[in-house]
Amino acid sequence: KNQVEQSPQSLIILEGKNCTLQCNYTVSPFSNLRWYKQDTGRGPVSLTIMTFSENTKSNGRYTATLDADTKQSSLHITASQLSDSASYICVVSRGNYQLIWGAGTKLIIKP
Amino acid sequence: SQTIHQWPATLVQPVGSPLSLECTVEGTSNPNLYWYRQAAGRGLQLLFYSVGIGQISSEVPQNLSASRPQDRQFILSSKKLLLSDSGFYLCAWDRQGPDTQYFGPGTRLTVL
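Residues numbered from 1 in each chain as written. Chains lettered and ligands numbered in written order. Predicted model: local features only at pLDDT ≥ 70, side-chain atom pairs only at ≥ 80, totals over all residues. Heavy atoms only, no water.

Let us now look at the nonpolar core. Formed by 24 residues in total, the largest nonpolar core has its most connected members in Val4(A), Tyr25(A), Leu33(A), Trp35(A), Leu75(A), Tyr88(A) and Leu107(A). Going through the elements one at a time, strand 3 (19–26), strand 4 (32–38), strand 5 (45–51), strand 7 (62–67), strand 8 (72–77), strand 9 (86–95) and strand 11 (105–110) of chain A are the ones with two or more residues in this core. Ignoring anything within four residues of it in the chain, the contact list for Leu75(A) reads Cys19(A), Thr20(A), Leu21(A), Trp35(A), Leu47(A), Tyr62(A), Thr63(A), Ala64(A) and Tyr88(A). If you look at the next biggest cluster of nonpolar residues, it comprises 19 residues, including Ile4(B), Leu33(B), Leu64(B) and Ala66(B). (Core = buried A, V, L, I, M, F, W, Y, C linked by side-chain atoms within 4.5 Å. Buried < 20%, exposed > 50% of the residue type's maximum accessible area, 1.4 Å probe, protein only. Helix = DSSP H or I, 4+ residues; strand = E, 2+ residues; numbered from the N terminus. Contact = heavy atoms within 4.5 Å.)

Below you can see the structure in the form of structure tokens.
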């Protein structure tokens, strides 16, 4: 079954701290893996997109990693800011317009 | 630059009433268009996608339908809403290949 599982479900950290969010997937065939940030009540916004051959990709303070052998990805956030409070969603593409969406990790940054 | 619009932003409808949500994209041509639904605390569920005018693919059987009357217009409809149709509806677009999907602001639908 094609699934994307994210952990933790929710996370609270203090402003300025780092954190890492996890994504495990059982999707086949694999086309690419994406991380999105979704503010409450808004549409998701893309952070990174990685194909099979890419191990890491950065976007400012966000760094995503991909291990295609173990089918795992992580999103690392450095020096967190209050504006980082949001849900972070891992999405795996099978190609042919089919995206498998994770349920997201809700991240809360406290001052 | 490209922009994507959705309306209305919020909608409260009684069970059994019809529905029409509209999405338009500006600044690009021949986009792929998508309708998603997101239940509270859940991941996005793809409802429909379209690769061209009049071409609609349905991912989930339900009482909803979609239409694409123009290249950059995508409409989500229902003849009779159910309670289970409540949710956050998102329209998105992208281009061919491993491209990022760009999302609209969403419509919050509550069916009472």
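More follows now that the structure is in view.
This part is about the interface of chain B and chain A. On the chain A side, the residues contacting the 22 residues of chain B number 18 residues. Linking chain B with chain A are 0 salt bridges. Where chain B meets chain A, there are 2 residue pairs in polar contact (both at pLDDT 80 or more). Counting only elements with at least two residues in the side of chain B that touches chain A, the list comes to strand 4 (32–38), strand 5 (44–52) and strand 9 (87–94) of chain B. Among the residues forming the side of chain B that touches chain A, the class breakdown is 11 nonpolar, 7 polar and 4 charged. (Salt bridge = Lys/Arg side-chain N within 4 Å of Asp/Glu carboxyl O. Polar contact = N/O pair within 3.5 Å; in protein donor to acceptor, adjacent residues only side chain to side chain. Nonpolar A, V, L, I, M, F, W, Y, C, P; charged D, E, K, R; others polar.)

Turning next to the state of the cysteines. Here, the word disulfide means a covalent bond between the sulfur atoms of two cysteines. Inspection of every chain in the model, using the stated rule, returns 2 disulfides over all chains. Bridging Cys23(A) to Cys90(A), the disulfide has an S-S length of 2.0 Å. A torsion of -65° about the S-S bond marks the disulfide between Cys23(A) and Cys90(A) as left-handed. A residue pair is termed long-range when its members are at least 10 positions apart, and Cys23(A) in strand 3 and Cys90(A) in strand 9 qualify at 67 residues. The class of Cys90(A) is buried, set by a relative accessible area of 0%. The disulfide bridge from Cys23(B) ends at Cys91(B), spanning 2.0 Å between sulfur atoms. Here Cys23(B) and Cys91(B) share a disulfide; its torsion about the S-S bond, -75°, makes the bridge left-handed. (Disulfide = S-S within 2.5 Å.)

Remark on secondary structure: sheet strands pair via backbone hydrogen bonds, oriented parallel or antiparallel. Residue and element names in this part refer to chain B. Taken together, 4 strands build an open sheet; the order of strands is 1-3-8-7 and the sheet is antiparallel. Two strands bound the open sheet, and with one partner strand each, they are strand 1 (3–7) and strand 7 (64–70). Put simply, the sheet's adjacent strands are angled 20° from each other on average, direction ignored. Pairing analysis gives 5 bridges linking strand 1 to strand 3 (residues 19–26), with the strands arranged antiparallel. From the neighbouring strand, Trp7 faces strand 3, where its bridge partner is Glu22. (Pairing = 2+ DSSP bridges. Axes fitted to C-alpha atoms, helices over the stretch in contact; angles between N-to-C directions.)

Turning our eyes to something else, we now look at the sheet that holds strand 8 of chain A. All names here are of chain A. Spatially, 1-3-8-7-6 is the arrangement adopted by the 5 strands of the open sheet, whose pairing is antiparallel. Every interior strand has two partners, whereas the edge strands, strand 1 (3–7) and strand 6 (56–59), have only one. Adjacent strand axes in the sheet meet at a mean angle of 15° when their direction is disregarded.

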